[in-house]
Amino acid sequence: MTTQTEHRTTSPTVTGKQSFRRRWSDWWNNLSRYQQWGVLIPLVVLIYLLPILNPPILTTEPGTDFQLALFNAARIALIAIGLNVVVGQAGLLDLGYVGFFAIGAYVMALFTSPDSALAVRYPWLVVVPIAMLVTMVSGVILGTPTLRLRGDYLAIVTLGFGEIVRLLADNIEPLRGNRGFQSIGRPPGEYADGTPIFTQTDGTPWYWLTVTVIILVLILVGNLERSRVGRAWVAIREDEDAAEIMGVPTFKFKILAFIIGAAIGGLSGAIYAGQIGFVNNQRFDVVTSVLFLAAVVLGGSGNKVGVILGAFVISYVPDRFQSIAEYRFLIFGLALIILMLFRPQGLLGARQRLLARGREAYQRLLGRPEQVATESAMIDSQKGVKA
């Protein structure tokens, strides 16, 4: 029996890039979580200062207000983080995530708009947890009968859910169809001269609010990833049958992923409704849901930073280059095709690595960080073996 060995020639440039990437990865992985946060603080400060600095290389003006463009990018990033919990972490293909986003926006409109049939108007801060609670209940209602399905069947059911929410908004009279809701409530706060801090035309406070919410959500989701819940999600994503055989209550953890994703979607919908000040049934169609999913796939399903990058590309690029805005769906489609051919794990693929105490024990035993894989959560883990 003969064994054939393949010899590959690697250019010095490629080797140098891989070496730099490995050194950077090893240095970063050797840091504790608190040291990593210390390194990230200057970057976070820069992100907060972006609407004030308005860098000429990044500005979207005069075509689009830069502060509002930043808010829209942050809003899409928050949505992508919630969808990533469902698609990237738990491996559940959800094409109707816009339904949770719509429910959050409509709850905010019903409880704060003067056009609502409800007799009492509530403050924005009171309605936000109500919107999250209602979307969580919606996640349970949707997930309980459908999460026993898998793959394309689950995708079709979730797509139907998103359309059902839109059609209900069109046909139920209290939801006002195309007329929608105006003068939706906003967060409290006033400047010294009495003008409100949060207005429809000033995107800076909304951007700061959304970035703060993103940081809090990232901390929550990161802690879940490093917990028993996160390990269960990874097991379900990689092989649900094997996870169930090993004793993982797969249905319970899939429902939990749906609930958490729904809550984040409802939160983003509430923020969106407050900023835009107007909600009707035309803002929550299938195309919007596909754009949310495109942000996750483009950035790297299963990677929190990757989906933020994907959301930035999806939202910012059309605002930055107004001449190509009408062709954005064509461009995104071509970009996704090229990406799936040459980098199927996305711009920043999911990193499969040891978690929590296992990572620490690995470093103590071997004196170096663990090897990190960069396969995407959306890609089949089985690979062919040459004999």
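To continue, consider unusual backbone geometry. At Asn54, a position not held by glycine, the phi torsion is positive, near 45 degrees. Within the secondary structure, Asn54 is located in the loop between helix 2 (33-53) and helix 3 (66-89). When its relative accessible area of 22% is taken as the criterion, Asn54 is described as partly exposed. At Ser183, a position not held by glycine, the phi torsion is positive, near 55 degrees. Along the chain, Ser183 turns up in the loop between strand 1 (181-182) and helix 7 (203-225).

A few words on helix 5 (residues 124-146). Compared with the 33 Å implied by 1.5 Å per residue over 23 residues, the 33 Å span of helix 5 between its first and last C-alpha is a close match. Looking at helix 5, one finds that the buried residues are Trp124, Val127, Val128, Ala131, Thr135, Ser138, Gly139, Leu142, Gly143 and Thr146. For helix 5, the elements touching its buried residues are helix 4 (98-112), helix 6 (151-171), helix 7 and helix 10 (250-276).

Glancing now at the environment of Ile271. Note on placement: Ile271 falls in helix 10. In sequence terms Ile271 and Trp124 are 147 residues apart; their C-alpha atoms lie 9.3 Å from each other. Excluding residues within four positions of it along the chain, Ile271 makes contact with Phe71, Leu78, Trp124, Trp206, Thr210 and Val213.

Attention now moves to the environment of Val137. Residue placement: Val137 occurs in helix 5. When its relative accessible area of 42% is taken as the criterion, Val137 is described as partly exposed.

Once that is clear, we can look at the confidence of the model for the protein chain. Per-residue confidence for the protein chain gives a mean pLDDT of 80, with 82% of residues at or over 70. Per-residue pLDDT stays below 50 along residues 353-357; that stretch engages in nine contacts with residues further than four places along the chain or on separate chains.

Throughout the structure, instances matching the rule amount to 12 aromatic pairs. Ring plane angle 50 degrees and centroid distance 6.0 Å describe the contact between Tyr106 and Phe284, whose orientation is recorded as tilted. With Tyr106 in helix 4 and Phe284 in the loop between strand 2 (278-279) and helix 11 (286-299), the pair connects residues that are 178 residues apart, well separated along the chain. Across the pair, exposure class does not vary: Tyr106 and Phe284 are buried alike. Centroid distance Phe111 to Tyr122: 5.7 Å. Interplanar angle 55 degrees. Geometry classified as tilted. In this pair, Phe111 is assigned in helix 4 and Tyr122 in the loop between helix 4 and helix 5, connecting sequence segments 11 residues apart. Every member of this aromatic cluster is reached through a ring pair, and the members are Phe101, Tyr106, Phe181, Tyr272, Phe284 and Phe292. Its guanidinium or amino end placed over the ring of Phe251, Arg148 lies 4.2 Å from that ring's centre, counting from NZ or CZ. Just above the ring of Phe181 sits the side chain of Arg176; from NZ or CZ to the centre is 5.9 Å.

Rules of the game
Residues numbered from 1 in each chain as written. Predicted model: local features only at pLDDT ≥ 70, side-chain atom pairs only at ≥ 80, totals over all residues. Heavy atoms only, no water. Helix = DSSP H or I, 4+ residues; strand = E, 2+ residues; numbered from the N terminus. Buried < 20%, exposed > 50% of the residue type's maximum accessible area, 1.4 Å probe, protein only. Expected span 1.5 Å × (residues − 1). Contact = heavy atoms within 4.5 Å. pLDDT = per-residue confidence, 0-100. Phe/Tyr/Trp six-rings, centres within 6.5 Å; stacked < 30°, edge-to-face > 60°. Lys NZ or Arg CZ within 6 Å of the ring centre and 35° of its normal.

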